[in-house]
Amino acid sequence: MSSELIDEFIAAVPMPALMVDQTERIIAANTDSKTLLGPNIQGRHFATILRQPQVIDTIENSLRSKGHTKTRHLSNDGAQDTTFEVECRYMNGIGAVSGGAVLVVFQDVTHLEQASQMRRDFVANVSHELRTPLTALMGFIETLRGPARDDAAARERFLKIMTDEAYRMNRLVGDLLSLNRVESEERVRPTEQVDINGLLQSILNALRPLSDDASVELSLTAPEGPVMVTGDSDQLRQVFTNLVENGIKYGGSGGSVEIKLIPSERNIAIRGPAVRVQVIDKGPGIDAVHLPRLTERFYRADNHRSRQLGGTGLGLAIVKHIVNRHRGRLRVESDLGKGSVFTVILPR
């Protein structure tokens, strides 16, 4: 096979690929491999380019055994660590004096590694979240069956704590099911017509007892009459209930939570007519270091306080996925000591 034909063959491979012959030099490399490994790799000894021992050993084994070998190549694209699965396939009759060569192909499996890591993290987080209330329940049950068997006051106190922990587990399971349902529907666009104005009024009426208990004043600033969007009313209710509840629980120390409904004929983020809903509190605010991660599963800006207030760490993750399903945007702005503004932008 001529060198021109080899070059054309390597260039047609839709992923980083190169060829190493029995002289252990790279006789061909496509554009993707040059982007990954450097522009001037052709003609050089492969060990000076691929410096990872496991990759060098794999290519050498393939050259020696004239067989198929596989390994992994670790790299970095400037923004994140990347992982490539490297496959080596021996080809007879090409290269120097037609002595054969190894085709080396790099398949990017970074997304699979990330998905696997996310699953491991998710299982670990769920296990941790459930272990705490379960440990408490088991401890109190053991105490009630033993030392506190005849202690009425202790029994009442322990039963209240057990009830709180059971409710916490129930909320966590409910949020996990909700998150799973929302994620499974994320690519299906909703078709129902929803009056956001009426929805917000209904949510504020439902949360009034909670705000009264927290001595927080709720207010809604909105235009007269219906403001319609295409959406899923149950999911949108979940979004704004979550945001207003968070405003009351975490930002309620400022004494008020204001909700603003602002329709616009053109929004830059949506690139068309939109509705902007802002939930504004005057509480302690959120440190800027936490803002990029607020919508991650189980991430809490104030872990201890969130647990005390019954948070599961999944609320804003659910909000993000619902907003994504509606082709909307979620914005979070906050200054320490000045409060927070959560903005949901929905296309009209």
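Preceding this section is the structure that the text describes.
Bear in mind that the values here come from a model prediction, so they are computed numbers and not experimental data. (Residues numbered from 1 in each chain as written. Predicted model: local features only at pLDDT ≥ 70, side-chain atom pairs only at ≥ 80, totals over all residues. Heavy atoms only, no water.)

A.B. asks: So what about unusual backbone geometry? Which residues, and what values?
C.D. replies: Of note in the backbone geometry, K66 takes a positive phi value of approximately 55° without being a glycine. Tracing the sequence through the fold places K66 in the loop between α4 (53-65) and β3 (69-76). With phi around 60°, R327 is a residue other than glycine that occupies positive phi space. The topology assignment puts R327 in the loop between α10 (315-325) and β11 (329-335). (Helix = DSSP H or I, 4+ residues; strand = E, 2+ residues; numbered from the N terminus.)

A.B. asks: Summarise the pattern of salt bridges; cite the residues concerned and give the values.
C.D. replies: Within this structure, the stated rule accounts for ten salt bridges. E296 is the salt-bridge partner of R293, the closest N and O atoms lying 3.0 Å from each other. Through salt bridges with shared partners, a single ionic network connects R72, E85 and E113. (Salt bridge = Lys/Arg side-chain N within 4 Å of Asp/Glu carboxyl O.)

A.B. asks: An account of the environment of M228 is needed here, citing residue identities and associated values.
C.D. replies: Mapping M228 onto the fold places it in strand β8 (residues 228-231). Classification of M228 by relative accessible area gives partly exposed; the value is 36%. Distance from M228 to E192, taken between C-alpha atoms, is 9.9 Å for residues 36 residues apart in sequence. Sequence-distant contacts of M228, that is, excluding residues within four places in its chain, are made with Q193, V194, D195 and R348. (Buried < 20%, exposed > 50% of the residue type's maximum accessible area, 1.4 Å probe, protein only. Contact = heavy atoms within 4.5 Å.)

A.B. asks: Before we move on, could you go through the environment of P190 and cite the residues and values that matter?
C.D. replies: With respect to the secondary-structure elements, P190 resides in the loop between α6 (152-184) and β6 (192-195). Sequence separation between P190 and E8 is 182 residues, and the spatial gap between their C-alpha atoms is 48 Å.

A.B. asks: Could you give an account of helix α5 (residues 110-145), naming the residues involved and the relevant values?
C.D. replies: In this model α5 runs 52 Å from its N-terminal to its C-terminal C-alpha over 36 residues, within 8% of the 52 Å that 1.5 Å per residue would give. Along α5, the largest kink reaches about 25° and is centred on R131; proline P133 follows within four residues of it. Within the sequence span of α5, burial applies to T110, S116, V126, E129, P133, L137, F140 and L144. (Expected span 1.5 Å × (residues − 1). Bend = angle between axes of the 7 residues up to and from the residue.)

A.B. asks: I'd love a proper account of the packing of helix α7 (residues 196-213) against helix α8 (residues 233-251), names of residues and values included.
C.D. replies: At a minimum axis separation of 10 Å, α7 and α8 run at an interaxial angle of 40°. As summarised for this structure, α7 and α8 are arranged oblique, according to the angle between their axes. Judged by the sense of rotation from one axis to the other, the crossing of α7 with α8 is right-handed. In contact with I196, L199, L200, S202, I203, L207, L210 and S211 of α7, α8 contributes S233, L236, R237, F240, T241, V244, E245 and I248. Its residues placed into classes, the contact of α7 with α8 shows ten nonpolar, four polar and two charged. (Axes fitted to C-alpha atoms, helices over the stretch in contact; angles between N-to-C directions. Parallel < 35°, antiparallel > 145°, perpendicular 65-115°, else oblique. Left-handed = near helix turned anticlockwise from the far one by under 90°. Nonpolar A, V, L, I, M, F, W, Y, C, P; charged D, E, K, R; others polar.)

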